[in-house]
Amino acid sequence: MMKLKKGKLLIDQHNKNYMYGKKFGGNYVPETLKKPIEDLTNLFEKLRYNKKFLNERDYYFKNYVGVPTPFFKLNNLTKHLGGAQIWCKQVSKANGGAHKIYNATVHALLCKRAKKKYIIGDTGAGYAGKMLSMAAKKFGLKCKIFMGTKDIVRQAVNCRAMRKNGAEIVPVNSGSRTLVDAVSECMRYWVSNNDTTSMCVGSTVGPNIFIKICAWSTAQISRELIVQVKKEFGKVPKKLKLINCIGGGSSAMGFWNEFIDYDKNQVELIGVEAGGPKDSKRHAAPLTNGAKIGVLHGALQYVIQDAEGQIEETESISAGLDYPGVSPLHCLLKDSKRARYTSATDEEALAAFKLISKLEKVRPSLEPAHAFAEAIKIAPRLNKDTIIAVNSCGDAKKDMNIIKKRLGCSL
Ligand SMILES: *Cc1c(COP(=O)(O)O)cnc(C)c1O
């Protein structure tokens with residue numbers, strides 16, 4: 001079993017080859033990408049300890065992203081389930097309605113510091129692209145978003161938003177015409193334009209430096225949460241469970257970061273992957289379903305693949321979770337047994353959304369609805385001294401059409 005080091009940030013627990021637990025991560029990129037990656041690494045490693053930069057980050061987190069986000073008890077849901085207390089960290093109150101704005105803002109700040117005018121990124125479902133286009137607009141940067149042509153058709157709403165923010169969408173027509181190909185194309189462009197252009201990856205995936213910057217950015221969530229928890233309960237409770245949905249894994253890393261050193265019997269970390277439609281075999285759940293290790297996005301990780309190692313397309317009601325791989329950081333947390341991973345089906349996520357909308361004022365998007373589904377499953381058999389906190393990392397407004405179609409209700 002892999003062991004974690006206490007007192008050291010998880011993002012820094014790699015060896016000199018950027019491997020976590022010798023099995024995950026690394027920089028599996030073409031030789032030509034080494035220089036841009038080295039430049040970005042040097043910049044970030046210097047700035048993350050620079051007081052002025054930290055003040056700048058905190059200023060924009062407060063005044064642009066809008067932190068701290070609320071933390072409150074879901075009284076009616078708790079009463080309804082009759083077991084553990086269920087609390088909500090409403091990260092969806094952040095600017096743009098989800099946590100991707102933390103990472104996008106930090107990348108925009110790094111881009112400014114590097115005196116570059118252009119920022120580029122890849123996107124699948126379109127949310128990472130949308131948030132990057134927002135941050136680019138805020139900081140006066142020109143933005144290009146690489147996107148597979150299949151996704152451009154599927155995600156027309158987000159494409160419109162990106163263009164409205166002044167971003168150019170670069171259509172990628174190669175391979176499966178989805179995220180995997182958009183990533184390759186974006187990296188190729190970065191190699192040729194590194195002098196003028198910064199690159200952002202939208203989750204805790206990709207070459208090591210992108211994992212680091214992203215997890216370092218979302219860690220803001222648990223810096224707030226630990227203060228809020230101590231204020232509400234006087235201390236970190238004896239039984240605390242932190243439940244988060246897992247796509248690439250950036251919101252979960254942000255939600256858990258400050259709690260990783262706690263004993264798992266005190267603070268349990270529970271990650272919920274997308275189980276897909278209940279009869280489907282194409283789950284976006286590499287940690288739950290015993291997927292093999294492979295390279296995706298330039299890093300070794302558990303990834304959904306066929307017998308020949310070809311990455312397989314997955315299926316989920318929530319576009320944000322529909323990703324065949326997962327952050328090497330979560331692979332490490334799984335193998336060290338610090339976190340427990342499970343999945344919820346499309347139907348369970350929809351039922352969770354429906355119940356919460358009936359009982360509470362919160363409207364979680366379909367991604368956090370997966371996390372709420374797990375909370376609803378486990379709460380009844382736990383006692384009221386157990387505190388379950390769920391990261392409601394997205395707002396349901398973006399999922400309105402699909403919710404209407406599947407549940408026949410409006411919001
Ligand atoms: C992108 C997204 C996710 C999945 O990404 P993570 O990196 O796992 O957080 C989850 N929820 C929402 C609302 C998203 O936009």
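Residues numbered from 1 in each chain as written. Predicted model: local features only at pLDDT ≥ 70, side-chain atom pairs only at ≥ 80, totals over all residues. Heavy atoms only, no water.

Participant: I tried to follow the side chain of Asn103 on my own but got confused; where do I start?
Facilitator: Assignment of secondary structure puts Asn103 in helix H4 (residues 100-113). Overall, Asn103 belongs to the buried group, its relative accessible area being 3%. Reaching out from Asn103, the side chain makes a polar contact with the backbone oxygen of Val201 at a distance of 2.9 Å. Apart from residues lying up to four places away in sequence, Asn103 is in contact with Cys200, Val201, Gly202, Ile213, Cys214 and Ser217. (Helix = DSSP H or I, 4+ residues; strand = E, 2+ residues; numbered from the N terminus. Buried < 20%, exposed > 50% of the residue type's maximum accessible area, 1.4 Å probe, protein only. Polar contact = N/O pair within 3.5 Å; in protein donor to acceptor, adjacent residues only side chain to side chain. Contact = heavy atoms within 4.5 Å.)

Participant: Would you explain the site of the ligand in this entry?
Facilitator: As a structural note, the neighbourhood of the ligand is formed by 16 residues, with Lys100, Ser203, Gly249, Ser250 and Ser251 the closest of them. A distance of 2.6 Å separates an oxygen atom of the ligand from a polar atom in the side chain of Lys100. For the ligand, whose accessible area on its own is 380 Å², the fraction buried by protein is 97%. When the residues that make up the shell around the ligand are grouped by side-chain class, the tally is four nonpolar, 10 polar and two charged. (Near = heavy atom within 4 Å. Areas by Shrake-Rupley, 256 points an atom, 1.4 Å probe, with all protein chains shown as cover. Nonpolar A, V, L, I, M, F, W, Y, C, P; charged D, E, K, R; others polar.)

Participant: Just checking my understanding: could you explain the pattern of salt bridges for this structure?
Facilitator: Where charged atoms from two side chains of opposite charge approach closely, those side chains can pair. This structure, assessed with the given rule, holds 23 salt bridges. Among the salt bridges present, the one from Lys150 reaches Glu313, with a minimum N-O distance of 3.3 Å. Pair noted here: Lys150 is in helix H6 (residues 149-154) and Glu313 is in the loop between strand S12 (299-302) and helix H12 (328-335), with a separation of 163 residues, a long-range link. Accessibility expressed as a relative area gives 29% for Lys150, which makes it partly exposed. Relative accessible area serves as the criterion here: at 34%, Glu313 is assigned to the partly exposed category. (Salt bridge = Lys/Arg side-chain N within 4 Å of Asp/Glu carboxyl O.)

Participant: Can you help me understand helix H13 (residues 346-359) in this one?
Facilitator: Helical geometry: 3.6 residues make up each α-helical turn, so side chains three or four residues apart lie on a common side. The first and last C-alpha atoms of H13 sit 20 Å apart over 14 residues, in line with the 20 Å expected at 1.5 Å per residue. Along H13, the positions that sit buried rather than exposed are Asp346, Ala349, Leu350, Ala352, Phe353, Leu355, Ile356 and Ser357. (Expected span 1.5 Å × (residues − 1).)

Participant: Looking at this structure, how should I read the pairing of strand S11 (residues 293-296)?
Facilitator: On any regular strand, side chains alternate: one points to one face of the sheet, the next to the other face. Where burial is concerned, the two faces of S11 differ: the one with Gly294 and Leu296 is buried and the one with Ile293 and Val295 is not. Bridge count for S11 against S12 is four bridges, and the pairing is antiparallel. Each residue of the ladder has a partner; that of Ile293, found in S12, is Tyr302. Taking the residues between adjacent antiparallel strands as the criterion, S11 and S12 are bridged by two residues, where His297 takes a positive phi near 60 degrees. (Pairing = 2+ DSSP bridges.)

Participant: For this particular structure, what's the right way to read the packing of aromatic side chains?
Facilitator: The description of an aromatic ring pair rests on the distance of the ring centres and on the angle between the ring planes. This structure, assessed with the given rule, holds 13 aromatic pairs. Look at Tyr59 and Tyr60: their rings are 5.1 Å apart centre to centre, the planes differ by 90 degrees, and that puts the pair in the edge-to-face class. On the accessibility criterion, Tyr59 (49% relative accessible area) is partly exposed. A ring pair is formed by Tyr64 and Phe139, whose centres lie 6.1 Å apart and whose planes are at 80 degrees; its orientation type is edge-to-face. One end of the pair, Tyr64, is in helix H2 (residues 51-65); the other, Phe139, is in the loop between helix H5 (127-138) and strand S6 (142-148), with 75 residues separating them in the sequence. Of the two residues, Tyr64 and Phe139, neither departs from the other in class, the shared state being buried. Among the aromatic residues, those joined into a cluster by ring pairs are Tyr59, Tyr60, Tyr64 and Phe139. (Phe/Tyr/Trp six-rings, centres within 6.5 Å; stacked < 30°, edge-to-face > 60°.)

Participant: Can you walk me through the side chain of Ser336 in this structure?
Facilitator: Here Ser336 shows up in the loop between H12 and strand S13 (339-344). Once residues within four sequence positions are removed from consideration, Ser336 is found in contact with Met1, Met2 and Leu4.

Participant: Just to check I follow, could you spell out the environment of Val153 for this structure?
Facilitator: Within the secondary structure layout, Val153 lies in helix H6. Overall, the relative accessible area of 67% leaves Val153 in the exposed class. For the pair Val153 and Gln301, spaced 148 residues apart in sequence, the C-alpha to C-alpha distance is 29 Å.

Participant: Mind showing me how you'd approach the sheet that holds S13 here?
Facilitator: Two modes of strand pairing occur in sheets, parallel and antiparallel, and in both the strands are linked by backbone hydrogen bonds. As summarised here, the arrangement of the six strands in space is S3-S4-S14-S9-S10-S13, forming an open sheet in which the pairing is mixed. Edge positions in the sheet fall to strand S3 (71-73) and S13, since each of these pairs with one other strand and no more. Ignoring strand direction, the axes of neighbouring strands in this sheet form an average angle of 25 degrees. Pairing of strand S10 (residues 267-274) with S13, which is carried by six bridges, proceeds in the parallel orientation. Each bridged residue has a counterpart across the sheet, and for Ala274 the counterpart in S13 is Ala344. Relative to strand S9 (residues 240-245), helix H14 (residues 366-378) is tilted by about 145 degrees, and along the sheet it contacts strand S4 (85-89), S9, S10, S13 and strand S14 (387-391). (Axes fitted to C-alpha atoms, helices over the stretch in contact; angles between N-to-C directions.)

Participant: Would you mind going over the environment of Ala389 with me for this structure?
Facilitator: Structurally, the position occupied by Ala389 is in strand S14. Residues Ala389 and Tyr302, 87 residues apart in the sequence, show an inter-C-alpha distance of 26 Å. Each residue touching Ala389, except ones within four places of it in the same chain, is listed here: Phe71, Trp87, Lys241, Leu242, Ile243 and Phe255.

Participant: Which parts of the structure should I look at to understand the domain arrangement of the protein?
Facilitator: Interface size, as often reported, equals the accessible area lost upon joining of the parts. Parsing the protein into structural domains produces domain 1 (28-60 + 100-215) and domain 2 (66-97 + 219-407). With centres defined by C-alpha atoms, the gap from domain 1 to domain 2 works out at 24 Å. Contacts between the two partners involve 28 residues from domain 1 and, on the opposite side, 31 residues from domain 2. Summed over the three residues of domain 1 that lose the most area to domain 2, namely Tyr28, Tyr102 and Tyr127, the buried surface amounts to 28% of that side. (Domains from an automatic or database assignment. Buried area = accessible area lost by both parts, 1.4 Å probe.)

Participant: Please clarify how unusual backbone geometry should be interpreted in this entry.
Facilitator: Note that the residue after Val67, namely Pro68, is joined by a cis bond; omega there is 0 degrees. When you line up the elements, Pro68 lands in the loop between H2 and S3. With a phi angle near 60 degrees, Lys22 is a residue other than glycine that sits in the positive phi range. Within the element layout of this structure, Lys22 appears in the loop between strand S1 (19-20) and strand S2 (24-25). Of note, the phi angle at Arg177 is positive, near 60 degrees, even though the residue is not glycine. Residue position: Arg177 is located in the loop between strand S7 (168-172) and helix H8 (179-193).

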